[in-house]
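Okay, here's what each chain looks like letter by letter:
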Amino acid sequence: DTEVTQTPKHLVMGMTNKKSLKCEQHMGHRAMYWYKQKAKKPPELMFVYSYEKLSINESVPSRFSPECPNSSLLNLHLHALQPEDSALYLCASRKTGGRTSTDTQYFGPGTRLTVL
Amino acid sequence: KQEVTQIPAALSVPEGENLVLNCSFTDSAIYNLQWFRQDPGKGLTSLLLIQSSQREQTSGRLNASLDKSSGRSTLYIAASQPGDSATYLCAVRGIYNTDKLIFGTGTRLQVFP
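Residues numbered from 1 in each chain as written. Chains lettered and ligands numbered in written order. Predicted model: local features only at pLDDT ≥ 70, side-chain atom pairs only at ≥ 80, totals over all residues. Heavy atoms only, no water.

Asks: Would you mind going over the pattern of salt bridges in detail, with residue names and values included?
Replies: Note that side chains of opposite charge can pair when their charged atoms are close. Scanning the model with the defined rule gives eight salt bridges over all chains in all. Put simply, A:E52 and A:R30 hold a salt bridge, and the shortest N to O gap is 2.8 Å. Placement of the pair is A:E52 in the loop between strand 5 (44-50) and strand 6 (53-57) and A:R30 in the loop between strand 3 (18-25) and strand 4 (31-37), with a sequence separation of 22 residues. Among the ionic pairs, A:E58 bridges to B:K100, the shortest N-O distance being 2.9 Å. Of this pair, A:E58 sits in the loop between strand 6 and strand 7 (64-70) while B:K100 sits in the loop between strand 9 (86-94) and strand 10 (101-103), each in a different chain. A:E58 sits in the partly exposed class, given a relative accessible area of 32%. The exposure class assigned to B:K100 is partly exposed, which follows from its relative accessible area of 21%. Because the salt bridges share partners, they merge into one network encompassing A:R94, A:D103, B:R93 and B:D99. (Salt bridge = Lys/Arg side-chain N within 4 Å of Asp/Glu carboxyl O. Helix = DSSP H or I, 4+ residues; strand = E, 2+ residues; numbered from the N terminus. Buried < 20%, exposed > 50% of the residue type's maximum accessible area, 1.4 Å probe, protein only.)

See below:
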């Protein structure tokens with residue numbers, strides 16, 4: 001099983017709303033990622049969790065708040081977003097623990113977010 | 001700073017053609033390189049992963065090569081089909097920060113019947 005799942009598939013929210021995106025994997029991977037992707041652009045890294053600890057924050061505005069409650073789950077809490085935050089949000093996971101050949105990064109299907 | 005570029009940006013070919021997608025990177029200090037496929041509005045599907053010590057990887061009609069010293073990788077698609085239409089992204093993982101994938105700009109491929 002090489003599946004990363006994300007919910008919801010689509011989300012429309014106003015600028016005053018609070019919402020959360022959810023990501024789940026059951027591959028035993030210990031690194032999980034959030035990316036933001038605008039149309040016709042490559043994904044941009046936002047956050048990395050390694051062994052449930054935040055290891056990289058790519059200077060993301062505080063209106064995005066990541067959370068990793070356990071090794072299988074990753075959340076992205078959204079608050080007071082702007083219309084320019086509308087994008088496809090992708091979750092990914094990877095097995096860590098050294099330089100092994102099974103270093104493939106697996107992506108979920110994404111959540112299409114629209115901020116009105 | 002690592003920069004990854006892909007040429008061409010877009011490609012339209014008739015079904016059955018063999019084609020080559022190119023990926024170039026500026027810093028050869030990489031751990032590995034990964035090729036992905038992305039359908040419109042969807043997530044990324046991993047196609048092939050090449051470790052820095054390898055020269056090529058094959059999966060079905062796909063063959064990816066890596067020349068680390070010259071900073072280049074190619075993705076060869078044999079006997080293209082309309083179902084191959086998608087955006088293809090390459091990404092490198094540097095040895096100094098293995099938690100980060102640096103993506104190329106992508107090649108949008110259309111294969112018409």
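Asks: If you had to explain the sheet that holds strand 1 (residues 4-7) of chain B to someone new, which residues and values would you point to?
Replies: All names here are of chain B. If you walk across this open sheet you meet the five strands as 1-3-8-7-6, and the pairing is antiparallel. Since the sheet does not close on itself, it has two edges, and those belong to strand 1 and strand 6 (56-59), each with one partner. On average, each strand axis in the sheet is inclined to that of its neighbour by 15 degrees, with strand direction left out of account. Direction of pairing for strand 6 relative to strand 7 (residues 62-67): antiparallel, over a ladder of four bridges. Considered in strand 7, the bridge of Q57 is made with A64. (Pairing = 2+ DSSP bridges. Axes fitted to C-alpha atoms, helices over the stretch in contact; angles between N-to-C directions.)

Asks: So what's going on with the packing of aromatic side chains? Residues and values would help.
Replies: Counted according to the given criterion, the structure contains seven aromatic pairs over all chains. Their ring planes at 70 degrees and their centres at 6.2 Å tell us that A:F107 and B:F103 sit as a pair that is edge-to-face. One end of the pair, A:F107, is in strand 10 (residues 105-107); the other, B:F103, is in strand 10, on a second chain. Residues A:F107 and B:F103 agree in their burial class; the two are buried. (Phe/Tyr/Trp six-rings, centres within 6.5 Å; stacked < 30°, edge-to-face > 60°.)

Asks: Any details on unusual backbone geometry? Residues and values, ideally.
Replies: Omega for the bond connecting A:T7 with A:P8 falls within 30 degrees of zero, at -10 degrees, which places this linkage in the cis form. Backbone torsion omega between B:I7 and B:P8 reads 0 degrees, so that peptide bond is classified as cis. Position of B:P8 among the secondary structure elements: in the loop between strand 1 and strand 2 (10-14). For A:Y51, which is not glycine, the phi torsion reads 55 degrees and is therefore positive. With respect to the helices and strands, the residue A:Y51 is situated in the loop between strand 5 and strand 6. The backbone of A:A80 sits at a positive phi, close to 55 degrees, despite the residue not being glycine. Here A:A80 is to be found in the loop between strand 8 (73-79) and strand 9 (87-94). Judged by relative accessible area, which is 31%, A:A80 ranks as partly exposed.

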